[in-house]
Amino acid sequence: MELQQFSYDNRMTRNFAIATIVWGVVGLLAGLLISLQIFIPGLNFGLDFTTFGRTRPVHTNAVIFAFIGNAIFTAIYYSLQRLLKTRMYSDLLSKIHFWGWQSIIVAAAVTLLAGFTTGKEYAELEWPIDIAITIVWVIFGWNMFGTILQRRTSHIYVSIWFYIATWVTVAVLHIVNSMAIPVSFLKSYTLYAGVQDALVQWWYGHNAVAFFLTTPFLGMMYYFVPKISGRPVYSYKLSIVHFWSLIFLYIWAGPHHLLYSSLPDWLQALGTTFSVMLLAPSWGGMINGLLTLRGAWDKVRRDPILKMFVVGITAYGMSTFEGPLLSFKTVNAISHFTDWTIGHVHIGALGWNGLLTFGMIYWLIPRLYNTKLYSTKLANVHFWIATLAIVFYAVPLYIGGITQALMWKQFTPDGFLMYPNFLETVAQLIPMYMIRAFGGFLYVVGFLILVFNVVKTIQAGSFVAEEEAQAPALETLPNEKTQSESGHRFLERKPIRFLILATIAILIGGIIEVIPTYLIKSNIPTITSVKPYTPLELQGRDIYVKEGCYTCHSQMIRPFRSETERYGEYSKAGESVYDHPFQFGSKRTGPDLAREGVKTGKIYKPNSWHYNHFINPQKMNEASIMPGYPWLAVKEIDIQSTPGKIRAMKVLGVPYPDNYELEAIEDLKAQADSIAKDLLTAGIQTDSNREIIALIAYIQRLGVDISTKSTNK
Amino acid sequence: MHTNDNDKLKEPNEVHDEIDEVTKIKYFGGDHEYDGIKELDNPLPPWLKYLFYVTIIISISYLILLFVFKDESIIQVKEYRKEVMAARDKTEVAVKEEAVKMAAAPMTQEQILAAGKIIYDKTCLVCHGKFGEGLVGPNFTDEYWIHGGKPEDLLKVINEGVLEKGMISYKSQLNKTQINNVIEYILSLQGTNPPNQKAPQGVKN
């Protein structure tokens, strides 16, 4: 058969690899900064754009979508061409994909620091950027499927199955979760409210972990592990079983982020059970990766790159064991809202995503530059530092998380909370936070060693932009399944059919979980005393979201005696029906705020307390680790945006009276004046048009509706 | 170091054996390969398969418990009520025992003040200042009181709160002994004259 001559495009692989490294530095440094800010309030610098509520989303978005995102594209652009024996479908699409993605990252960093956020974790970006992401993602998919369709191999390899599942699922997740009504150019309200928003958000959030941090990396593992070790994949059959079971089961597991919340019991049960069932499919990936190295362990001992893969895959096994464990309600009752979750996530992020990415870069860069790695010894040093860093990072968070949860739950024999002051439980964590920051510092140091090694390697080599290759043209295969081939084997040469089946597999769970909350009323029982926010409270709520208060404070009191004693009545589904977006939160670095405004409640504070506390929390309690928000007393409320916001809320079904947008500004000013007047009686002089007034109004509204009359209908 | 040692795998036309030399396992699909990568025809590890079955059985049982039997230990509101009831019974016993113990061995004034200070630092300091000098809440060290400076006045304020001014009720957060101790401690602050005192409020005692 005649061999066709062509060349692989290394330019895009190289570009994505460099972008991975550059954003890696940014994302890891942001992580180091916030790990210090969390116990040294002074490091927030008293400025809005350097304060934790804004820097934390920058860290998460930078490492997930910039660092890991670019690593995924690096792997795909390199392996896809070689696995399919063809060049990428279109150089132009590759270019648009690359520059489009980098522009999105820059736009994300700038807008997040400036306080433009939807307030939904890992989906904080505002609507114009969401649209840009959709376009770039479609271009990426177009380029990928174009490449698959012009392949010179009859079948598609398991890595590509994972790439296909990644592409379609991320597209579905992103589009559904980002649905919103724009209010202005960089402000929108999500389509969903309260419990429904929480459900959609964590369906998205959990599956961002599944289909952005897991499936593409499994694809990466299936290419690089056999490639680097020179060993065959352990089991083709295992690949098939764990691929399909993984993508089908994963999508159901989101509700495990909302255990003991006001989400209906049946949804929580699905979250728990599907997480438990995920254990074996996840481990299938780990086993297929590790056992591929059978017969190559002597090589693993010598080669830091393979060592990175081995520890990375093991970290994957550990965190996918821990995941189902944390999904048991009894365990989750302890772990949720604490640093345990942060520790768990970072085993996956630093171990699985980080080490696999490092290994890939060390292997790829010398090949792209036709040279040898500058220093294998330094790569080895990096391996050990990174591994040590993970231990220093995670262990204190496990200890701290469990300690804090137990302190929250501790009662005296005569029935009072042993630690009624939340701050006492925080004080316990400070040493743990210090050790964690040291772990993070080590990880950064390791990464800087990589940067040095890569720069030196690039300097020594010469870039091979076009890598010559040859392969026979693809012979036409019968359109029907032949007798000798299995059903799955047939599917592997029908990529479009493969895509359709994968799409069906990932849609089922989401549809069954999300749709009933709209159709069946009993899922979210109405509470008649729950009313829409006043215009001032709505503006205050937007400030709450903008300043990222949800990154440290929950608004979800779980039905535990230890929580109802500390905070008040547990949260009900009907309470948050006007909350676009929901603000349940996922971490309690500070106390829960769901009942903060209840005057007869357990944690009420007067307006003057809030005013002083926002400006300088340490003045109220010197052990507090909350950053100050002095600018809130300076910045003015964007009063003119009020009618537009009320109108958008009405479109979303919030029952404001007819034409209320016309009276809204007047009502806002009246309420603001009354708060300013109250502050004056406590000796605080402030203009009533300041942001702090709106935020106080919102805080004092929290939990009030249900305390007046809690009639469930 | 590892630049060239795998390059032989890239040769598509090389004739491969059907059996992997190292593990003696058959390759899947004969000599087909992807960019030099071959796959072995191993079955699923049995233990993994059984683990999968076990998790499925556990999960289905759990769902049946909830959906069919409506088991109370899974329905969280019922779980909560049970927890609260159980705690109520237990604390009643503990409170009685504590009262007996207290009557047998009353605390010295020193012990009372020390215990009161602990409560104060946890609970009162946020609004009344580290030394009772007053912050958002009034000054405890001067002779002026808004709601009266007698122990029974303080007891009333702590138990019921002064809601319109932001003083919440601590009845459910502190037990009787703790409240008595903290009152003793607050009254002991009279005349200590700490720095940064809040201006007098209320009437002179």
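Predicted model only: the values in this text are computed from it and were never measured.

A count of helical and extended segments in chain A gives 28 helices and 4 strands. In terms of overall size, chain A behaves like a compact globule, its C-alpha atoms giving a radius of gyration of 26 Å where 713 residues would be expected to give roughly 27 Å. Counting only C-alpha atoms, chain A reaches 90 × 50 × 50 Å along its principal axes. Looking at chain A as a whole, 58% of its 713 residues qualify as buried. Relative to all contacts within chain A whose residues are 6 or more apart in sequence, the contacts with residues 24 or more apart total 83%.

A separate point is the confidence of the model for chain B. Residue and element names in this part refer to chain B. Here chain B averages 86 in pLDDT, while 91% of its residues score no lower than 70. Of the regions scoring below 50 in pLDDT, residues 1-16 engages in 13 contacts with residues more than four places distant in sequence or in other chains. The ipTM for the predicted assembly is 0.92, set against a pTM of 0.92.

Here we come to the environment of Gln539 of chain A. All names here are of chain A. Inspection of the secondary structure assignment puts Gln539 in helix α21 (residues 535-546). Along the sequence, Gln539 and Leu695 sit 156 residues apart, while their C-alpha atoms lie 7.6 Å from each other. Beyond its immediate sequence surroundings of up to four residues, Gln539 is in contact with Ile637, Thr642, Leu668 and Ala694.

It is at 8 Å that the axes of helix α10 (residues 279-291) of chain A and helix α1 (residues 46-67) of chain B come closest, and there the two elements cross at 160 degrees. Taken together, α10 of chain A and α1 of chain B sit at an angle that is classed as roughly antiparallel. By crossing handedness, the relation of α10 of chain A to α1 of chain B is classed as right-handed. Contacts between α10 of chain A and α1 of chain B involve Leu279, Ala280, Trp283, Gly284 and Ile287 of chain A from the first element and Leu48, Leu51, Phe52 and Thr55 of chain B from the second. Class assignment for the residues of the contact of α10 of chain A with α1 of chain B results in 7 nonpolar, 2 polar and no charged.

Here we come to unusual backbone geometry. Residues and elements named next belong to chain A. Put simply, His580 and Pro581 share a cis peptide bond, and its omega is 0 degrees. Its location among the elements puts Pro581 in the loop between α22 (561-566) and α23 (607-615). One non-glycine residue with positive phi stands out, namely Lys85, at about 55 degrees. Positioned with a positive phi, Phe337 is a non-glycine residue whose angle comes to about 70 degrees. In this structure, Phe337 sits in the loop between α13 (329-335) and α14 (339-368).

Right, let's get into the interface of chain B and chain A. Counting from both sides, the interface comprises 61 residues of chain B and, opposite them, 61 residues of chain A. Residue assignment for the side of chain B that touches chain A shows that the elements contributing at least two residues are α1, α2 (76-104) and α3 (109-128) of chain B. Broken down by class, the residue content of the side of chain B that touches chain A amounts to 37 nonpolar, 15 polar and 9 charged.

Another aspect to go through is helix α3 (residues 91-113) of chain A. Residues and elements named next belong to chain A. Given a rise of 1.5 Å per residue, 23 residues ought to cover 33 Å, and the 33 Å separating the end C-alpha atoms of α3 matches this to within 8%. Elements in contact with the buried residues of α3: β1 (3-9), α1 (10-37), α2 (52-84) and α4 (127-149). Phi turns positive, to about 90 degrees, at Gly115, one or two residues after α3.

Our next topic: the nonpolar core. Residues and elements named next belong to chain A. Grouped together as the largest cluster of nonpolar side chains are 240 residues, with contacts concentrated most on Ile361 and Leu695. Broken down by element, this core gets its largest block of residues, 18 residues, from α2. Two domains each provide a minimum of three residues to this core, namely domain 1 (10-474 + 485-513) and domain 2 (535-708). Those residues in contact with Ile361, other than ones at most four positions away along the chain, are Ala17, Thr20, Ile21, Leu450 and Val454.

Accessible area lost when the parts come together is the quantity often used to give the size of an interface. Residue and element names in this part refer to chain A. For chain A, the domain assignment lists domain 1 (10-474 + 485-513) and domain 2 (535-708). Measuring from the centre of the C-alpha atoms in domain 1 to the corresponding centre in domain 2 gives 34 Å. The interface is formed by 43 residues belonging to domain 1 together with 49 residues belonging to domain 2. Among the secondary structure elements, those contributing two or more residues to the side of domain 1 that touches domain 2 are α2, β2 (180-184), β3 (187-190), α6 (194-211), α15 (376-409) and α16 (422-427). At 5 residues, the largest contribution of residues to the side of domain 1 that touches domain 2 is made by α2. When the residues that make up the side of domain 1 that touches domain 2 are grouped by side-chain class, the tally is 22 nonpolar, 14 polar and 7 charged.

With that settled, the discussion passes to the confidence of the model for chain A. Do not read the predicted coordinates in detail wherever pLDDT is low. When pLDDT is averaged along chain A, the result is 95; 99% of the residues meet or exceed 70. Here residues 709-713 of chain A is modelled with pLDDT under 50, and outside its nearest four sequence neighbours on either side it reaches 10 contacts, counting other chains as well.

Here is what the cut-offs are and how they apply
- Residues numbered from 1 in each chain as written.
- Chains lettered and ligands numbered in written order.
- Predicted model: local features only at pLDDT ≥ 70, side-chain atom pairs only at ≥ 80, totals over all residues.
- Helix = DSSP H or I, 4+ residues; strand = E, 2+ residues; numbered from the N terminus.
- Rg over C-alpha atoms; globule rule 2.2 N^0.38 Å.
- Buried ≥ 20, exposed ≤ 12 C-beta atoms within 10 Å, placed from the backbone.
- Contact = placed C-beta atoms within 7 Å.
- pLDDT = per-residue confidence, 0-100.
- Axes fitted to C-alpha atoms, helices over the stretch in contact; angles between N-to-C directions.
- Parallel < 35°, antiparallel > 145°, perpendicular 65-115°, else oblique.
- Left-handed = near helix turned anticlockwise from the far one by under 90°.
- Nonpolar A, V, L, I, M, F, W, Y, C, P; charged D, E, K, R; others polar.
- Expected span 1.5 Å × (residues − 1).
- Core = buried A, V, L, I, M, F, W, Y, C linked by C-beta atoms within 7 Å.
- Domains from an automatic or database assignment.

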